[in-house]
Amino acid sequence: MIVLSRRQYAGEFTVPGDKSITHRAIMFNGIADGEARIENALLGEDCLSTAACMRALGADVRVEGGTVCVRGNVLRDASCDCGNSGTTMRLLMGLIAGQRVNATLTGDASLSQRPMERVAKPLRLLGADIATADGRAPVTVRAAKLTGREVDTAAASAQVKSALLLAALGAEGETFVHESVKTRDHTERMLAAMGADIRVLGNTVRVKKSALRAVDIEVPGDISSAAYFMALGALLGETLCKNVGVNPTRTGILAAFDQMGVQYTLENQRTVCGEPVADIRVKKSDLKGIRLTKEIMPSLIDELPIIAVLCAYAEGESVITGAEELRIKESDRIKTTAAMISELGGEIMPREDGFIIRGQRRLAGGTADSCLDHRIAMSAAVALAASERGGEIKNAECVNISFPGFFDMLDRS
């Protein structure tokens, strides 16, 4: 994919629906009583994998244009192909355990290398019968009786927390899930809206055995997808991303913007289906180096590659630490982000848990390899658009995992 250098960039954009919320809306309604319509669903490959898995498990899931219609059902034994989607596999481990059915979860070559024991181990504390292949997929879940208890999550991971909460829906008694750092709370919000007996007490979530009722959901735009166009506004002009979810557990990128000196405003703020939403306007800014540490990571982990690109264009040095979670994404994003920025002329030093980036006024451009990681590909596109000569992204088709039509939207300005 060729990306041309730009001297200016401006436009108004409506980005695809939030990936995390779409996954959950399909799954949760798939075990609920009744039928639900999910509007503005993200229909990238990852969420379609979730839809296919729920069909295999017995739910009625139909895609009609940009809407997903789901009629819940009692789940049945199944084999589920999760494709490239770690969210699908990790959340299904908990959901299937809670519904007491037997299932085997597989994935593609990339997903099969990602750690699953970090989810399986805490689920076993509730009584789940889960086997992994040396800590990875395939994952086998066997029907077992679950009993509620207190569980401390070792990792600050919304996927681990969500798997436990879903399992707890089918466990006898009460389950308390404790987090050291609060992670994204889409699961808690949606389960509450669907009638679960759930309560949030600071960094602890309490769940009792519950049945869910189907709920129509309008999915807000994904701030992770909006981040690329927000970054283009900060580098090259002015952008307005409309109807973006601004859940406070997801807006770490705005805190990074505050440090970096990015000019942005939140407009038309409102609440849609329990999720805060706003239009985000970003203007060209004089960027400066930043310091990001472990405490903020749960709220911006997916945006770190594009934040690193902004740091490469900022004045001064940026230091990012506490981001070891990047090592176990679709690629080793510490390694692949550093390689991408270096390939385009930036100065970045990878560390075990992050980066040191020495900013400069403009990157040269060139050729970058996405390493089949959608966030690396889209971050490279922004870096190239703002570069001296533009360039090429290898294996750019991987953006379809989360943002079908990204390059068409990029060229629209």
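The structure we're discussing is the one just above.
So, here is what we can say about the structure in this document. Values in this document were obtained by computation on a predicted structure and should not be read as measured data.

### Considerations on the overall build of the protein chain
Scanning the protein chain from terminus to terminus reveals 12 helices and 23 strands. For the protein chain, the C-alpha atoms occupy an extent of roughly 60 × 40 × 35 Å along the three principal directions. Relative to its full complement of 413 residues, the protein chain shows a buried share of 60%. At a minimum sequence separation of 6, the contacts of the protein chain that also span at least 24 residues come to 72%. As displayed, the protein chain offers around 15,000 Å² of accessible surface, 46% of which is attributable to carbon and sulfur atoms.

### A word on empty space enclosed by the protein
For the structure shown, the criterion picks out one cavity of 30 Å³ or more. Of the pockets and cavities examined, the largest cavity occupies roughly 40 Å³. Residue lining of the largest cavity: Asp 18, Ile 21, His 186, Pro 220, Gly 221, Ile 223, Gly 245, Val 246, Asn 247, Arg 250 and Glu 275, and that is the complete set. Classifying every residue of the lining of the largest cavity gives four nonpolar, four polar and three charged.

### Structural notes on helix α11 (residues 374-385)
Look at α11: 17 Å from first C-alpha to last across 12 residues, which is about the 16 Å you get at 1.5 Å a residue. The buried fraction of α11 is high, at 12 of 12 residues. Looking at α11, one finds that the buried residues are His 374, Arg 375, Ile 376, Ala 377, Met 378, Ser 379, Ala 380, Ala 381, Val 382, Ala 383, Leu 384 and Ala 385. Sitting at the head of α11, Asp 373 places a side-chain oxygen 3.0 Å from the backbone nitrogen of Arg 375.

### Considerations on the sheet that holds strand β18 (residues 291-292)
In space, the four strands of this open sheet follow the order β18-β19-β21-β20, with mixed pairing throughout. The sheet is open, and its two borders are formed by β18 and β20 (347-351), each paired with just one other strand. By the bridge criterion, two bridges tie β18 to strand β19 (residues 317-320) in an arrangement that is parallel. Paired with Leu 292 across the two strands is Ile 320, which belongs to β19. Sitting on the sheet, helix α9 (residues 304-312) touches β18, β19 and β21 (354-358), and the angle it makes with β21 is about 20°. Relative to β20, helix α10 (residues 333-343) is tilted by about 165°, and along the sheet it contacts β20 and β21.

### What about the sheet that holds strand β16 (residues 263-272)?
If you trace the four strands from one edge of the open sheet to the other, you get β2-β15-β17-β16, paired in mixed fashion. Each edge of the open sheet is held by one strand with a lone partner, namely β2 (9-14) and β16. Put simply, the sheet's adjacent strands are angled 10° from each other on average, direction ignored. Where β16 and strand β17 (residues 275-283) come together, eight bridges link them in antiparallel fashion. Bridge pairing links Thr 265 to Arg 281 in β17. Of the strands in this sheet, β2, β15 (237-245) and β17 touch helix α7 (residues 223-236), which is tilted by about 160° from β15.

### Things to note about the pattern of salt bridges
Scanning all chains against the criterion turns up 34 salt bridges. Across the pair Lys 329 and Asp 302 runs a salt bridge whose closest N-O atoms are separated by 3.7 Å. Placement of Lys 329 in the loop between β19 and α10 and of Asp 302 in the loop between β18 and α9 is noted, with a sequence separation of 27 residues between them. Exposure remark for Lys 329: the relative accessible area of 15% places this residue in the buried category. Three or more residues are tied together by salt bridges with common partners; here these are Glu 35, Arg 37, Glu 39, Asp 60, Arg 62, Glu 64 and Arg 71.

### Comments concerning the packing of helix α1 (residues 19-30) against helix α6 (residues 186-193)
For any two helices packed against each other, one specifies the inter-axial angle together with the distance between the axes. Contact geometry for α1 and α6: axes closest at 10 Å, N-to-C directions at 35°. As α1 packs across α6, the resulting crossing turns out to be right-handed. Residue-level inspection shows Ser 20, Ile 21, Arg 24, Ala 25 and Phe 28 of α1 in contact with α6, the latter providing His 186, Thr 187, Met 190 and Leu 191. Of the residues assigned to the contact of α1 with α6, the class counts are five nonpolar, three polar and one charged.

### Observations regarding the environment of Gly 221
Tracing the sequence through the fold places Gly 221 in the loop between β14 (217-218) and α7. Note: C-alpha distance between Gly 221 and Lys 242 (21 residues apart in sequence) is 7.5 Å. Filtering out sequence-adjacent residues up to four positions away, Gly 221 remains in contact with Val 15, Pro 16, Gly 17, Asp 18, Asn 40, Asn 243, Val 244 and Gly 245.

### Side note on the layout of surface pockets
Unoccupied space between atoms shows up once a probe the size of one water molecule is rolled over them. Here the largest pocket is characterised by a volume of approximately 650 Å³. If you trace the largest pocket, you find 38 residues lining it, with Ala 156, Ala 158, Ile 301, Glu 325 and Lys 329 closest to the centre. In terms of residues, the lining of the largest pocket owes the most to one element, α1, which gives four residues. When grouped by side-chain class, the residues that make up the lining of the largest pocket number nine nonpolar, 11 polar and 18 charged. Put simply, the second largest pocket is a space of about 440 Å³. In terms of lining, the second largest pocket is formed by 16 residues, of which the most central are Lys 284, Ser 285, Asp 286, Tyr 313 and Arg 361.

Scoring rules and cut-offs
- Within each chain, residues carry numbers counting from 1 in the order of the written sequence.
- A pLDDT threshold of at least 70 governs which residues receive local features in this predicted model, and a stricter bar of 80 or more applies before side-chain atom pairs are shown or counted, although totals over entire chains, interfaces and linings include all residues.
- Side-chain numbers come from the whole structure's heavy atoms, not from hydrogens or water.
- Put simply, DSSP H or I for four residues or longer makes a helix, DSSP E for two residues or longer makes a strand, and each gets a number counted from the N terminus.
- Each residue is placed in one exposure class: buried if its accessible area under a 1.4 Å probe, protein chains only, is under 20% of its type's maximum, exposed if it is over 50%, and partly exposed if it falls in between.
- Contacts between residues were defined by any pair of non-hydrogen atoms, one from each residue, lying within 4.5 Å.
- The protein chains shown are the only cover counted for residues, whose accessible areas, like all others here, come from Shrake-Rupley with a 1.4 Å probe.
- Here a cavity is any set of points on a 1 Å grid over the protein atoms alone where a 1.4 Å probe fits but cannot get out, and a pocket is any open set with protein on both sides within 12 Å along at least 5 of 7 lines; a residue lines the site when it has an atom within 4 Å of a point.
- Grid points are joined across faces, edges and corners, and a volume is the space filled by probe spheres set on the points.
- Polarity classes work like this: nonpolar for Ala, Val, Leu, Ile, Met, Phe, Trp, Tyr, Cys and Pro, charged for Asp, Glu, Lys and Arg, and polar for all others, with Gly in that last group.
- Each residue after the first adds 1.5 Å to the expected span of a helix.
- By the criterion applied in these results, polar contacts are pairs of N or O atoms within 3.5 Å in which, for protein atoms, one can donate a hydrogen and the other can accept it, and in which residues neighboring in sequence qualify only through two side-chain atoms.
- Note: two strands are recorded as paired if DSSP finds a minimum of 2 bridges between them.
- Whenever a helix is involved, its axis is fitted only over the stretch in contact; in every case the axis is a line through C-alpha atoms, and angles between N-to-C directions fall within 0 to 180 degrees.
- In what follows, salt bridge is the name for a side-chain nitrogen of Lys or Arg lying within 4 Å of a carboxyl oxygen of Asp or Glu.
- Put simply, a crossing is left-handed when the front helix is turned counterclockwise from the back one by less than a right angle, and right-handed when it is turned clockwise.

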